[in-house]
Amino acid sequence: MQLIDTHCHPDYFGDQLPAVLQRASEAFVTEMIACGTNPDDWPIHLKDATTYSNLHYTVGIHPTNIDQTWERGLEILETYCTKTPKPVAIGEIGLDYHEITGDTTVIIALQKEVFRQQLLIAKRHNLPVVVHSRNAFEDCITVIEQAKVDWQKIVVHCFSEGPEAIRRLNDRGARGSFTGIITYKSAENVRQALLAQGIERLMLETDSPYLAPVPYRSKQNEPAYVRAIASFSANLLRISEEELSNVTTRNARAFFHL
Ligand SMILES: [Zn+2]
């Protein structure tokens, strides 16, 4: 059995990373994708991806990390697209309207512009895109549509909308990926979204160190726990864990060109 954690933040683990990777491999999580959120974590991901061949990475400016240096940030971001190892996607990028402090109109306009520019970088380098959307699903669709990015290259990570929303992605050729949220009692609509999309495009992620799945909710999340998300999903879809791991691994390899 083989699983891929398609979205995690291993820079958070610091010198615990070797132990975290060891536990991941014991849980059959053979590969993972470290997701960038700001110019400070990109060099860490690049270094980790150089050290560990089973760790891939992405670069992106998360919508809540936009500051006055964003233009310089985008210049630096684009230089990563020609580095070795190369990022497997641009992300996580998108829109986050959850807790905006300051002038909402100005901040939303800036988030959209930085999102748009990063979509264009992805397009220039033919890279897939990991989208972060929080309370901003409609606007994310609009910005992606306007940037004319190939929808097949779009994954909305940590999908937390319902079945209608995922159908709108799937109809365009895009997909959602799922975290431990699907194991939470209150997340029936997210489980329905997973079922509506089916296994054809399914990819799993921990988003660790956040969002630990049941039964590890009191603990810090880590890539090994993608196993718990996988067995929960297999149950939900009424397929074996073996089949689920085969399909999700194949999907992640194809999507990120691993
Ligand atoms: Zn994340």
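Residues numbered from 1 in each chain as written. Predicted model: local features only at pLDDT ≥ 70, side-chain atom pairs only at ≥ 80, totals over all residues.

Q: Can you help me understand the overall build of the chain in this one?
A: Broken down by element type, the chain carries 9 helices and 7 strands. At 17 Å, the chain has a C-alpha radius of gyration in line with the 18 Å of a compact globule built from 258 residues. Structurally, the chain occupies a C-alpha span of about 45 × 40 × 35 Å along its principal axes. Residue burial in the chain is summarised as follows: out of 258 residues, 47% are buried. Taking the contacts inside the chain whose residues are at least 6 apart along the sequence as the reference set, 70% of them involve residues at least 24 apart. (Helix = DSSP H or I, 4+ residues; strand = E, 2+ residues; numbered from the N terminus. Rg over C-alpha atoms; globule rule 2.2 N^0.38 Å. Buried ≥ 20, exposed ≤ 12 C-beta atoms within 10 Å, placed from the backbone. Contact = placed C-beta atoms within 7 Å.)

Q: Help me understand the environment of E78, please; the structure alone is not making it clear to me.
A: Mapping E78 onto the fold places it in helix α3 (residues 70–80). Distance in space between the C-alpha atoms of E78 and E99 is 28 Å, their sequence separation being 21 residues.

Q: Help me understand the packing of helix α4 (residues 104–124) against helix α5 (residues 137–147), please; the structure alone is not making it clear to me.
A: How two helices sit against one another is set out by the angle between their axes and by the gap between those axes. At their nearest, the axes of α4 and α5 sit 10 Å apart, and the two run at 45° to each other. With respect to α5, the element α4 is oriented oblique. As α4 runs across α5, the sense of the crossing is right-handed. Across from K112, F115, R116, L119 and L120 in α4, the residues of α5 making contact are D139, V143, I144 and A147. Residue composition of the contact of α4 with α5, grouped by class: 6 nonpolar, no polar and 3 charged. (Axes fitted to C-alpha atoms, helices over the stretch in contact; angles between N-to-C directions. Parallel < 35°, antiparallel > 145°, perpendicular 65-115°, else oblique. Left-handed = near helix turned anticlockwise from the far one by under 90°. Nonpolar A, V, L, I, M, F, W, Y, C, P; charged D, E, K, R; others polar.)

Q: Before we go on, may I ask you to explain the packing of α3 against α4 in this structure?
A: Running from N to C, α3 and α4 cross one another at 15°; their axes reach a closest spacing of 11 Å. Between α3 and α4, the interaxial angle falls into the category roughly parallel. Read as a crossing pair, α3 and α4 show a hand that is right-handed. Contacts between α3 and α4 involve W70, L74, L77 and E78 from the first element and V114, Q117, Q118 and I121 from the second. Across the contact of α3 with α4, the residue classes tally to 5 nonpolar, 2 polar and 1 charged.

Q: Looking at this model, I keep getting lost on the sheet that holds strand β3 (residues 55–59). Mind explaining?
A: Backbone hydrogen bonds hold the strands of a sheet together, and the pairing may be parallel or antiparallel. The strand order β1-β2-β3-β4-β5-β6-β7 describes an open sheet built from 7 strands, whose pairing is parallel. Sheet topology places β1 (3–8) and β7 (175–176) at the edges, where each strand pairs with a single neighbour. In this structure, strand β6 (residues 154–156) lies alongside β7, joined through 2 bridges in parallel fashion. Looking at β7, one finds that V156 is bridged to G176. (Pairing = 2+ DSSP bridges.)

Q: Is there a simple way to think about helix α2 (residues 42–51) in this case?
A: Quick reminder: α-helices carry 3.6 residues per turn. Residues three or four places apart thus point the same way. Where α2 is concerned, the buried positions are W42, H45, L46, D48 and A49. The buried residues of α2 occupy an angular sector of 165° when the element is viewed end-on, so they sit on one face. If you follow the buried residues of α2, they end up packed against α1 (17–26), β2 (29–34), β3 and α3. (Arc of directions from axis to C-beta.)

Q: How should I be thinking about α3 in this particular structure?
A: The complete set of buried residues in α3 reads G73, L77 and Y80. All buried residues of α3 lie within an arc of 45° about the axis, which places them on one face of the element. In α3, the exposed residues that point more than 90 degrees away from the buried face are E71, R72, E75 and T79. Contacts from the buried residues of α3 go to α2, β3 and α4.

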